[in-house]
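Structural overview
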Amino acid sequence: MEARQVAIVTAAGKGIGAACATELAARGYAVALMSRSDEAEALARRLGGVGVVGDVTRPADLERLVAATLDAYGRVDAVVNNTGHPAKGELLEISDEDWHQGLDLLVLSVVRLARLVTPVMARQGGGAIVNISSFVAVEPGIGRPVSAAMRAALGAVTKEYADRYATAGIRMNSVLPGFVDSHPVGDDVLASIPMGRAGTLAELARTVAFLLSPDAAYITGQSVRMDGGLTRSI
């Protein structure tokens, strides 16, 4: 009997992370979830998975998450790197501390978790990682300099990792959502989106699930825009 696929999802207590965890569980994955609150633990119980309270910026918490996953299932096939949002503000008014916090949150969290799961995936013969990024990685907006800079860096990390581990059968891609219906926006914002609406959490979760699946077996190193046509650059 083929082993059940196992997925780790971070910041999985609500919003995008919870939607991805729910979609993956519905597709037959065993899930291991983490969030800073106990919401991921509660969701994991409902989905029949493993829950951990922890922060993606703390290496020890990521180690506990992977250890709990391996203790429960003995393998890791998929990872969804989801996080919160870094500090906003004027470019030159953001503190060094907030810049470093953004690096820990959006870039180093991905690198640190990859260090932990890559040897496991390599021994298994493969795996897939999807990073939740943002459209600001390709079109920075005033007021979000930390997010834009760090998510652009995440795109470079995604490509570097994908190139390095392709022959090990491990893929990494990033998804760049536009506006999602979990955070309502005004009519002026909706009017700037060619499709005239925000994306849904379900649509985003299905995109992530596709990129983790064998259907996307030849897709790696990509930053996939899921924004209804919002970004203008080619």
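Residue indices begin from 1 for each chain and proceed along its sequence in written order. Confidence filtering applies because this is a predicted model: local features only for residues at pLDDT of at least 70, side-chain atom pairs given and counted only at 80 or more, and all residues used for totals across whole chains, interfaces and linings. Hydrogens and water are ignored here; the side-chain numbers use all heavy atoms of the structure.

**Let's talk about the packing of aromatic side chains**
Each aromatic ring pair is described using two quantities: the centre-to-centre distance and the angle formed by the ring planes. Two aromatic rings from Phe, Tyr or Trp, using only the six-membered ring of Trp, form a pair when their centres are within 6.5 Å; if the ring planes differ by under 30 degrees the pair is stacked, by over 60 it is edge-to-face, and anything between is tilted. A full pass over the atoms with the stated rule returns 2 aromatic pairs. Ring geometry for Phe 135 versus Phe 179: centroids 5.4 Å apart, planes at 50 degrees, classification tilted. Placement of the pair is Phe 135 in the loop between β5 (127-132) and α5 (145-165) and Phe 179 in the loop between β6 (170-177) and α6 (187-191), with a sequence separation of 44 residues. Ring geometry for Tyr 161 versus Tyr 165: centroids 4.6 Å apart, planes at 35 degrees, classification tilted. Taken together, the residues span about one helical turn, with Tyr 161 and Tyr 165 both in helix α5 at a distance of 4 residues. Exposure remark for Tyr 165: the relative accessible area of 26% places this residue in the partly exposed category. Only when the NZ of Lys or the CZ of Arg is both within 6 Å of the ring centre and within 35 degrees of the ring normal is a charge said to sit over the ring. Taking the ring centre of Tyr 165 as reference, the NZ or CZ of Arg 164 above it sits at 4.7 Å. Secondary structure counts use DSSP, requiring at least four H or I residues in a row for a helix and at least two E residues in a row for a strand, with both numbered from the N terminus. Working definition: with a 1.4 Å probe on protein chains only, accessible area under 20% of the residue-type maximum means buried, over 50% means exposed, and in between means partly exposed.

**Points about the sheet that holds strand β4 (residues 78-81)**
Note on pairing: DSSP must find at least two bridges between two strands before they are called paired. Strand order in this open sheet of 7 strands is β3-β2-β1-β4-β5-β6-β7, and the pairing throughout is parallel. Of all the strands in the sheet, the pair left with one neighbour each is β3 (50-53) and β7 (223-226). For this sheet, the mean angle separating the axes of adjacent strands, direction not counted, is 15 degrees. Note: β4 against β5, 4 bridges, orientation parallel. When the sheet's bridge partners are listed, Ala 78 is paired in β5 with Ala 128. A contact between two residues is defined here by any heavy atoms of the two lying within 4.5 Å. Axis lines are fitted to C-alpha atoms, over the contacting stretch for helices. Their N-to-C directions set the angle, which ranges from 0 to 180 degrees. Contacting β5, β6 and β7, α5 crosses the sheet at an angle of about 160 degrees to β6.

**A short note on the nonpolar core**
To define a nonpolar core, start from buried Ala, Val, Leu, Ile, Met, Phe, Trp, Tyr and Cys residues and group those joined through side-chain atoms within 4.5 Å. Of all hydrophobic cores here, the largest spans 31 residues; its most connected members are Leu 24, Leu 33, Val 80, Val 208 and Leu 212. For this core, the secondary structure elements donating two or more residues are β1 (6-10), α1 (15-26), β2 (30-35), α2 (39-47), β4, β5 and α7 (201-212). Counting residues per element, this core draws most heavily on α1, which supplies 7 residues. Sequence-distant contacts of Leu 212, defined by excluding residues within four places in its chain, comprise Leu 24, Tyr 29, Ala 78, Val 79, Val 80, Ala 128, Ile 129, Val 130 and Arg 171. Formed by 28 residues, the second largest nonpolar core is a distinct cluster that contains Met 34, Val 56, Val 110 and Met 121.

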